[in-house]
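The primary structure of each chain is shown beneath.
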Amino acid sequence: MGELFEFLHALMNDPFGFIDLPIRQAITDGVNWIVATFRDFSRTYISPPVRGVMNGVQWALDSVPPGIFMLATFILGWWAASWRVGVFGVVAFALIGFMGVWDQMIITLSLVVTAVFFCVLLGLPLGILSSRSDRFYAFMRPVLDIMQTTPPFVYLVPAVMLFSIGNVPGLIATIVFAMPPVIRLTNLGIRHVNSEFIEAALAFGSTKRQILWKVQFPLAMPTIMAGLNQTIMLSLSMVVIAAIIGAGGLGLEVYAGLERLNIGQAFVGGIGIVLLAMVLDRITQGFGEKAPGVGDRD
């Protein structure tokens, strides 16, 4: 009887002392196996296209003079939303230039554009597959949960081990972290298209492919654009964190300022990030509000 009381006492005070799950070692072993198995493949077949797209985007953005860039921002903002958004974009980029971080902003923007390109390239097909198969979405859902809830810093370690230091591992980590909204909201938008539109298309003899691209996809576009907006914001937040592993841009300004306790440098980088995020947010929201499916889904 005394032994039972001792057991219950130990159970109440330290219930976790009876089992020691070797999760830490198992994860370490798993990551080491992945790195040993796929490092050469990653650096040979994944790194070059990602770096190529990033270099192409950065070259294109660098080739545009700041004045023309701001004029294009005004036109794009006016076309997407309103003239006020266009003016705000010009003012925001002018402030970034006057603060002396224009080149860093271009690097950050090129990283975001590259990450979003790959997120859309991979995320849209996965979202479409998820909308057409409950079983596939049941498989994808916990994967997306893990991708979204894993702390961003955790992605940096395997990315560096697979791709070394630089912009590419930062981009890979950004793509993984920022892709779930595109997949989730593409799936959600297509699933929530009114069934009457699909029945009408079937009555006219449309194929499944025609229904997807000419009925469901246009009507789901507002929701898809909302997912794209979230992906852009997540990409911007992640490329800032990726400065720790060698990604340049405004994030490097913040990181260098914190490392040297240079508050002015850190704040200038932070203000540039905020302004860039606000411009991208307003423009993508404008495109979402003007998407062809707005007001026609129900």
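Going by the structure above, here's the rest.
Conventions used here
Residues numbered from 1 in each chain as written. Predicted model: local features only at pLDDT ≥ 70, side-chain atom pairs only at ≥ 80, totals over all residues. Heavy atoms only, no water. Phe/Tyr/Trp six-rings, centres within 6.5 Å; stacked < 30°, edge-to-face > 60°. Buried < 20%, exposed > 50% of the residue type's maximum accessible area, 1.4 Å probe, protein only. Helix = DSSP H or I, 4+ residues; strand = E, 2+ residues; numbered from the N terminus. Expected span 1.5 Å × (residues − 1). Bend = angle between axes of the 7 residues up to and from the residue. Polar contact = N/O pair within 3.5 Å; in protein donor to acceptor, adjacent residues only side chain to side chain. Core = buried A, V, L, I, M, F, W, Y, C linked by side-chain atoms within 4.5 Å. Contact = heavy atoms within 4.5 Å.

Draft legend 1. View of the packing of aromatic side chains. Throughout the structure, instances matching the rule amount to eleven aromatic pairs. Here tryptophan 33 and phenylalanine 38 contribute two aromatic rings whose centre-to-centre distance is 6.0 Å and whose plane-to-plane angle is 85°, an arrangement assigned as edge-to-face. Using a relative accessible area of 54% as the deciding quantity, one classes tryptophan 33 as exposed. Residues phenylalanine 93 and tryptophan 102 carry aromatic rings whose centres are separated by 6.1 Å and whose planes lie at 75° to one another, so their mutual orientation is edge-to-face. Neither residue differs from the other here; phenylalanine 93 and tryptophan 102 are each classed as buried.

Draft legend 2. A look at helix H8 (residues 167–178). With twelve residues, H8 extends 16 Å between its outermost C-alpha atoms, agreeing within 8% with the 16 Å of an ideal straight helix rising 1.5 Å per residue. Burial within H8 is extensive, with ten of its twelve residues counted as buried. Looking at H8, one finds that the buried residues are Val168, Pro169, Gly170, Leu171, Ile172, Ala173, Thr174, Ile175, Phe177 and Ala178.

Draft legend 3. Molecular detail of helix H5 (residues 102–132). Helix length check: H5 (31 residues) gives 44 Å between terminal C-alpha atoms against 45 Å at 1.5 Å per residue, within 8%. Where H5 bends most, the angle comes to about 30°, and this point is glycine 123, followed within four residues by the proline proline 125.

Draft legend 4. Spotlight on the side chain of serine 131. Mapped onto the elements of the fold, serine 131 is located in helix H5. Here isoleucine 128 takes part through its backbone oxygen, which lies 2.6 Å from a polar atom of the side chain of serine 131.

Draft legend 5. How the structure looks around the nonpolar core. Counting 75 residues, the largest nonpolar core has Phe69, Phe93 and Met105 as the members making the most contacts within it. At 16 residues, the largest contribution of residues to this core is made by helix H11 (residues 208–241). Not counting chain neighbours up to four residues away, the residues in contact with methionine 105 comprise Phe69, Phe93, Ile96, Leu250 and Leu276.

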